[in-house]
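Secondary and tertiary structure notes
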Amino acid sequence: MKFFLDTANVREIAQAQELGVLDGVTTNPTLLAKEGRDPVQVIREICKIVDGPVNAEVISTDCDGMIAEARRWAELDEKIVVKIPMTREGMKAVSRLADEDIPTNVTLIFSPSQALIAAKAGASYVSPFVGRLDDRSENGMDLVSKIIQIFDNYGFETEVIVASIRHPMHVVEAALLGADIATMPYSVFEKLFEHPLTDVGLAQFLKDWEKLQR
Ligand code: E4P
């Protein structure tokens, strides 16, 4: 499973990169707005830090506008994947961008039929938002499971990015289902490393070793 960081904060991305298990980054307009800096400059900086795909989203809502924005993002760096919203205009854009070999990630996926349409349009990735579904008492992981089954049934190469992750169990459940990628906030990424028994065990090992030195 690939780990993406779901942030536009370059400090967090650099820290995660140092840990050696980071495979890519997803951003969205909200995350970029949080940084309060020129979004193009931020994406450029992220591309310098990360080895894998860096997702940048369009804000146009019409097909031509999305394509123009996607081309501008793609010119910035070869790592760029363009996030396109799951709309009719978006799917027209995805299909044309696929012809231009510009990779796309169809975002705001909330149903299996939307994921199927996106894959048929030629999306490189789809992003089901599990947390936002769970927030409404719907089952986000159930959606991921159905998308994986549909893609397997027909041999779609579109990769599944489990997005809108809220806690480490979302990552574990996504991995158990065989999702290609989990994209998560830095706070969740950090928690993946931790267990109190690891800390207690290490403290004991070091204390016992110290006794030997006396
Ligand atoms: C990533 O591609 C999505 O934009 C992101 O995971 C959405 O997360 P949220 O539901 O926490 O805003």
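These remarks concern the structure in this document. All values derive from a computational prediction rather than experimental measurement. (Residues numbered from 1 in each chain as written. Predicted model: local features only at pLDDT ≥ 70, side-chain atom pairs only at ≥ 80, totals over all residues. Heavy atoms only, no water.)

Comments concerning the nonpolar core
By size, the foremost hydrophobic cluster in this structure holds 58 residues, and its most contacted members are Ile43, Val106 and Val162. Counting residues per element, this core draws most heavily on helix 8 (residues 140–154), at six residues. In this structure Val106 touches Ile84, Pro85, Met86, Met91, Val94, Ala118, Ala123, Tyr125, Val126 and Ser127, once residues within four positions along its chain are discounted. With five residues, the next largest nonpolar core counts Phe4, Val81, Tyr125 and Ile161 among its residues. (Core = buried A, V, L, I, M, F, W, Y, C linked by side-chain atoms within 4.5 Å. Buried < 20%, exposed > 50% of the residue type's maximum accessible area, 1.4 Å probe, protein only. Helix = DSSP H or I, 4+ residues; strand = E, 2+ residues; numbered from the N terminus. Contact = heavy atoms within 4.5 Å.)

A few points about the environment of Ile46
Mapped onto the fold, Ile46 is located in helix 3 (residues 39–49). For Ile46, a relative accessible area of 0% gives the class buried. Filtering out sequence-adjacent residues up to four positions away, Ile46 remains in contact with Thr7, Ala8, Val10, Ile13, Val25, Thr27 and Val54.

Concerning helix 4 (residues 63–76)
The terminal C-alpha atoms of helix 4 lie 20 Å apart, and with 14 residues this matches the ideal 20 Å at 1.5 Å per residue to within 8%. Looking at helix 4, one finds that the buried residues are Cys63, Gly65, Met66, Ile67, Glu69, Ala70 and Trp73. On its buried side, helix 4 packs onto helix 3, strand 3 (54–57), strand 4 (80–85) and helix 5 (88–99). (Expected span 1.5 Å × (residues − 1).)

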